[in-house]
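As a plain string of letters, each chain reads:
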Amino acid sequence: MIMRTEVPRRLTVLGSTGSIGTNTLDVVRQLGGRDAFEIMALTGNGNIELLAEQARKFGARLAVTADENRYAALKDALSGSGIAVAAGVSGLDEAAGLDADWVMAAIVGTAGLAPTLRAARRGANIALANKECLVSAGELFLDAVSSGGGLLIPVDSEHSAIFQCLDKSQRHALERIILTASGGPFRAYTREQMAGVTLQAARSHPNWSMGLKISVGSASMFNKAFEMIEAKHLFGVRPDQIEVVVHPQSVIHSMVGYVDGSVIAQLGTPDMRTAIGYALSYPNRSALDVERLDFARLARLDFEAPDEARFPALRLARTALERGGLQGAVLNGAEEAAFAAFVAERIGFLDMADVVEAVMDQLAGLGSADEIADVVQADAEARRRARDVVSRMAAA
Ligand code: NAD
Ligand code: MG
């Protein structure tokens with residue numbers, strides 16, 4: 001692996017206007033701002049005002065909106081700044097292709113796959129928040145990283161924790177990975193209560209402040225399902241080595257168990273800036289102004305087994321892991337479509353898992369992916385079928 005640790009680090013943030021993106025720029029500010037980082041490109045989608053403000057503040061060379069219809073507005077907002085402007089899929093590709101040695105992959109959903117792949121292939125070190133890259137493209141994404149020769153550092157708090165707990169010289173002694181899950185806002189709900197919840201309730205996470213998609217995914221535990229698949233690819237473990245435990249305080253971010261019975265955990269307050277700062281400083285650690293854990297005030301940590309009857313997403317993740325191949329892409333594509341239908345109030349909260357399961361069963365026979373085009377096709381097919389299932393449900 002190539003280790004590039006010069007200061008200033010040249011950084012591109014894909015998805016700079018989102019929850020991870022804005023936290024990333026706050027970490028950049030804390031670590032020295034323009035003295036420590038040269039911002040190559042920032043990308044957003046709808047929030048042009050924020051994107052332009054970020055680009056000016058951090059002196060980005062290029063600002064990109066994924067929405068072609070907003071190109072003129074962005075151009076306007078940055079006129080006179082000397083900052084280059086681009087839009088659409090080609091604009092994202094241009095941003096990913098610029099010569100930044102670090103790329104924060106923080107676009108939400110499969111939209112993040114193409115630009116992150118581009119950055120990985122050209123050898124950028126990838127700080128990976130966009131777990132969809134691994135859920136959908138798995139080995140092909142890892143191949144792109146290794147062919148480019150850059151590092152892949154997880155930003156998802158659980159995977160950052162595991163990465164920090166892993167003793168790389170003792171990989172043979174790794175027994176299990178224990179992902180913690182907060183259980184989300186409906187941890188103690190019955191299935192009957194969950195059936196009627198609103199989007200507003202589903203997006204209110206008890207511990208973490210995050211984007212809409214991942215907040216709802218935390219409530220349904222589809223986010224944890226994705227994280228199980230993410231863990232398999234990142235750490236090269238078998239499905240039976242991946243455990244999930246519900247830990248409502250979100251203080252232990254995840255754990256690694258070894259063959260001698262030892263379990264190593266990483267703890268912290270629920271603040272994504274720790275995982276972001278860890279990735280952007282790797283292999284060093286940098287001082288961050290985040291709240292410290294106060295154990296006396298905390299007093300206790302609770303744990304419980306996840307309930308797969310109320311949270312079928314976990315069972316679906318196991319199915320996808322067992323089937324392998326393109327099932328991750330199917331799970332992800334179907335879930336994105338089911339999520340969109342829930343947000344549009346076309347289906348209920350529990351229907352999301354039913355939609356995903358129906359599509360996974362329809363596409364259970366898909367083999368493995370030889371190239372990214374297979375992933376894109378499986379994703380599109382899963383979405384199409386999910387929309388069909390939704391239409392039938394909505395009509396019933
Ligand atoms: P968000 O919705 O807050 O932000 C998403 C970003 O992607 C924004 O900059 C938005 O402009 C951009 N975007 C949206 N649609 C796009 C499109 N079609 N094309 C290009 N760009 C688009 O999301 P987030 O919560 O910051 O999550 C980003 C990623 O990080 C997700 O993959 C999520 O699972 C992962 N993640 C987030 C957190 C968290 O605390 N928010 C934690 C762990 C992992
Ligand atoms: Mg996570």
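In this text, all values refer to a predicted model and were calculated from it rather than measured experimentally.

Asker: Would you take a moment to explain the overall build of the chain for this structure?
Answerer: Secondary structure assignment for the chain yields 17 helices and 11 strands. Relative to the 2.2 N^0.38 estimate, which gives 21 Å for 396 residues, the radius of gyration of the chain is 20 Å and therefore close to what a compact globule would have. Along the three orthogonal principal directions, the C-alpha set of the chain runs to about 55 × 55 × 45 Å. Going through the 396 residues of the chain one by one, you find that 55% of them count as buried. Taking the intrachain contacts of the chain between residues at least 6 apart in sequence as the baseline, contacts between residues at least 24 apart amount to 69%. Entry remark: accessible area of the chain is about 16300 Å², with carbon and sulfur atoms responsible for 49%.

Asker: Any chance you could explain the site of ligand 1 here in plain terms?
Answerer: Lining the immediate environment of ligand 1, one finds 23 residues, of which T17, S19, I20, E132 and G211 sit closest. Note that an oxygen atom of ligand 1 is positioned 2.7 Å from one of the side-chain N or O atoms of T17. The backbone of I20 places a nitrogen or oxygen atom 2.8 Å from an oxygen atom of ligand 1. Look at ligand 1: alone it shows 820 Å² of surface, and the protein chains cover 84% of it. For the shell around ligand 1, the per-class residue count stands at 11 nonpolar, 9 polar and 3 charged.

Asker: Got a minute to help me understand unusual backbone geometry in this structure?
Answerer: Apart from glycine, the bulk of residues carry a negative phi angle, and the bulk of peptide bonds sit in the trans form. For the bond from Y282 to P283, the omega torsion is 5°, close enough to zero to count as cis. Backbone geometry places A299, a non-glycine residue, at a positive phi of 65°. Looking at the element boundaries, A299 is found in the loop between α13 (295-298) and α14 (313-323). Residue A299 is classed as exposed on the basis of its relative accessible area, which comes to 68%.

Asker: Looking at this structure, how should I read helix α1 (residues 19-30)?
Answerer: The α-helix advances 3.6 residues per turn, and as a result positions three or four apart in sequence lie on the same side. Here α1 contains 12 residues, and its C-alpha end-to-end distance of 17 Å stays within 8% of the 16 Å for a straight helix at 1.5 Å per residue. Of all the residues in α1, the buried ones are I20, G21, T24, L25, D26, V27 and V28. The inward-facing, buried residues of α1 contact β1 (9-14), β2 (37-44), α2 (48-58), β5 (102-105) and α12 (272-281). Directly beyond the C-terminal end of α1, a positive phi value near 125° is found at G32.

Asker: Sorry if this is basic, but what is going on with the sheet that holds β1 here?
Answerer: Strands in a sheet are paired, the pairing made by backbone hydrogen bonds, and the direction either parallel or antiparallel. The strand order across the open sheet formed by 7 strands is β4-β3-β2-β1-β5-β6-β7, and the pairing between neighbours is parallel. With one partner strand each, in any of the chains shown, β4 (84-87) and β7 (152-154) form the two edges of the open sheet. Taking the axes of each pair of neighbouring strands and ignoring which way they run, one obtains an average angle of 20° across the sheet. The pairing of β1 with β5 spans 4 bridges and is classified as parallel.

Asker: Could you clarify how one ought to interpret the coordination of the magnesium ion (ligand 2) in this entry?
Answerer: Reference values for coordination geometry: four tetrahedral donors around a metal ideally subtend 109.5 degrees, six octahedral donors ideally subtend 90 or 180 degrees. Taken together, D156 (OD), E158 (OE) and E227 (OE) make up the full set of protein donors to the magnesium ion (ligand 2), lying 2.0 to 2.2 Å away. Each donor residue of the magnesium ion (ligand 2) belongs to the same chain, with the gaps between them written as D-x1-E-x68-E. The buried category is assigned to E158, whose relative accessible area is 8%.

Asker: Whenever I open this one, the pattern of salt bridges confuses me. Can you help?
Answerer: Where charged atoms from two side chains of opposite charge come close, those side chains can pair. Across all of its chains, the model carries 27 salt bridges by this definition. The residue D26 makes a salt bridge to R273 at a minimum N-O spacing of 2.8 Å. Separated by 247 residues along the polypeptide, D26 in helix α1 and R273 in helix α12 bring together distant segments of the chain. Residue E336 is joined to R383 by a salt bridge in which the shortest nitrogen-to-oxygen separation is 2.8 Å. Taken as a pair, E336 in helix α15 (residues 327-343) and R383 in helix α17 (residues 372-395) lie far apart in primary sequence, 47 residues in all. For the pair formed by E336 and R383, the shared burial category is buried. A single network of salt bridges, built from pairs that share partners, joins K131, D156, E158, K224 and E227.

Asker: What am I meant to see in the packing of α14 against helix α16 (residues 351-362) here?
Answerer: In a pair of packed helices, the angle between the axes and the distance between the axes together describe the arrangement. With their axes 11 Å apart at the nearest point, α14 and α16 run at an angle of 20° to one another. It follows from the interaxial angle that α14 and α16 lie roughly parallel. The handedness of the crossing between α14 and α16 comes out as left-handed. Together, R315, L316, T319, A320 and R323 of α14 and A353, V356, E357, M360 and D361 of α16 make up the contact between the two elements. Along the lines of polarity and charge, the residues of the contact of α14 with α16 split into 5 nonpolar, 1 polar and 4 charged.

Asker: What is the right way to look at the packing of α15 against α16 in this model?
Answerer: One way to put it is that α15 packs onto α16 with a least axis distance of 9 Å and a crossing angle of 145°. Read as a crossing pair, α15 and α16 show a hand that is right-handed. In this structure, α15 contributes Q327, V330, L331, A334, E335, A338, F339 and F342 to the contact, and α16 contributes M352, V355, V356, V359 and M360. By residue class, the composition of the contact of α15 with α16 is 11 nonpolar, 1 polar and 1 charged.

Asker: So what exactly am I meant to see when it comes to the environment of E336 here?
Answerer: What makes E336 buried here is its relative accessible area of 12%. Separated by 55 residues in the primary sequence, E336 and S281 have C-alpha atoms spaced 32 Å apart. Other than its neighbours up to four places away in sequence, E336 contacts G109, T110, E132, K213 and R383.

Asker: For this particular structure, what's the right way to read the sheet that holds strand β10 (residues 252-258)?
Answerer: Within the open sheet, the 4 strands sit side by side as β9-β8-β10-β11. Their pairing is mixed. Both edges of this open sheet fall to β9 (242-246) and β11 (263-267), since each of them pairs with a single strand only. Taking the axes of each pair of neighbouring strands and ignoring which way they run, one obtains an average angle of 20° across the sheet. Pairing of strand β8 (residues 174-181) with β9 involves 5 bridges; the strand directions are parallel.

Reading the values: the criteria
- Residues numbered from 1 in each chain as written.
- Chains lettered and ligands numbered in written order.
- Predicted model: local features only at pLDDT ≥ 70, side-chain atom pairs only at ≥ 80, totals over all residues.
- Heavy atoms only, no water.
- Helix = DSSP H or I, 4+ residues; strand = E, 2+ residues; numbered from the N terminus.
- Rg over C-alpha atoms; globule rule 2.2 N^0.38 Å.
- Buried < 20%, exposed > 50% of the residue type's maximum accessible area, 1.4 Å probe, protein only.
- Contact = heavy atoms within 4.5 Å.
- Areas by Shrake-Rupley, 256 points an atom, 1.4 Å probe, with all protein chains shown as cover.
- Near = heavy atom within 4 Å.
- Polar contact = N/O pair within 3.5 Å; in protein donor to acceptor, adjacent residues only side chain to side chain.
- Nonpolar A, V, L, I, M, F, W, Y, C, P; charged D, E, K, R; others polar.
- Expected span 1.5 Å × (residues − 1).
- Pairing = 2+ DSSP bridges.
- Axes fitted to C-alpha atoms, helices over the stretch in contact; angles between N-to-C directions.
- Donors = N, O, S within 2.8 Å, 3.2 Å for Na, K, Ca; no water.
- Salt bridge = Lys/Arg side-chain N within 4 Å of Asp/Glu carboxyl O.
- Parallel < 35°, antiparallel > 145°, perpendicular 65-115°, else oblique.
- Left-handed = near helix turned anticlockwise from the far one by under 90°.

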